[in-house]
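Here is what each chain is made of, one letter per residue.
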Amino acid sequence: MSAATLQSLDINALLGRFDPAAGTIEGARRTERRLSDLAGIFLDQAAYRAARADGDPLVYSVEVVEPGTGDGDLHYGLGVIHPGRVGREYFMTKGHLHSWREAAELYIGLSGKGVMLLEDEATGESRMLPLGPGCAVYVPGHTGHRTANVGETPLSYIGIYPARAGHDYGVYASRNFRCAIIDEGGAPKLMRRNS
Ligand SMILES: [Fe+2]
């Protein structure tokens, strides 16, 4: 793996100019997820089918900067989740573990109102933490993490993680998170998925 050095990087890799409203970082790689990319992750499948019959809205985007691939390097991404619901669940990310399980991640809220769902891989313990302006969430290693927009405006945030972290979507693609975040009386609530 090649480590990034001051000499090896040009100014575009050293200076990240970003637009939290547009969800863009100059020169970054962009990934978009539409509602059709999120089949199977919502509790209310009838509500999902009804929402899909109405169209295929953009649920979230992530733009990622990857200056180097050495063990000591960092990668970071700017995420934007749009407001929306499927049944009582909020628009949310697929969620993942890191392929290198020890890798932690720091999320920093920029705008909007969000929450993060954290799930301990070994014990299954689940926690819901707020994410928004003035609020950062530390995701330890061995912890599945998913982000949801629980407000009425776009939620934007930056996530910073080790370059070698990698993204493992497989666990939650096959069994989903143990808990869902649902709207109860206008506020997000953590609920066991099988209850
Ligand atoms: Fe992550």
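For the structure, see preceding data.
Residues numbered from 1 in each chain as written. Predicted model: local features only at pLDDT ≥ 70, side-chain atom pairs only at ≥ 80, totals over all residues.

Caption draft 1: Examining the pairing of strand β9 (residues 114-120) more closely. The element β9 is largely enclosed, with a buried count of six among its seven residues. Where β9 and strand β12 (residues 143-149) come together, seven bridges link them in antiparallel fashion. Residue pairing in the sheet places Leu 118 in a bridge with His 145 of β12. (Buried ≥ 20, exposed ≤ 12 C-beta atoms within 10 Å, placed from the backbone. Helix = DSSP H or I, 4+ residues; strand = E, 2+ residues; numbered from the N terminus. Pairing = 2+ DSSP bridges.)

Caption draft 2: Main features of the sheet that holds strand β13 (residues 155-162). Pairing is antiparallel across the open sheet formed by six strands, whose spatial order is β3-β4-β5-β13-β8-β11. Only two strands of the sheet have a single neighbouring strand rather than two, namely β3 (29-34) and β11 (136-139). Here the strands of the sheet are splayed against their neighbours by 20° on average, with no regard to which way each runs. Summarising the sheet, strand β5 (residues 74-81) and β13 pair through eight bridges and their orientation is antiparallel. Across the sheet, Ile 81 pairs through a bridge with Leu 155, a residue of β13. (Axes fitted to C-alpha atoms, helices over the stretch in contact; angles between N-to-C directions.)

Caption draft 3: Just the pairing of strand β14 (residues 179-184), in detail. One ladder, built from six bridges, connects β14 with strand β15 (residues 187-192); its direction is antiparallel. Note on β15: the bridge partner recorded for Ile 182 is Lys 189. Taken together, β14 and the strand that follows it, β15, pair antiparallel across an intervening segment of two residues, in which Gly 185 is found at a positive phi of about 65°.

Caption draft 4: Molecular detail of helix α2 (residues 45-53). Among the nine residues of α2, zero are classified as buried, and the element is accordingly described as predominantly exposed. A positive phi of about 145° marks Gly 55, the residue just after α2.

Caption draft 5: Representation of unusual backbone geometry within the structure. Positive phi outside glycine occurs at His 142, with the angle close to 60°. Within the secondary structure, His 142 sits in the loop between β11 and β12. Non-glycine residue Asn 176 carries a positive phi angle of around 65°. Residue placement: Asn 176 occurs in the loop between α3 (170-175) and β14.

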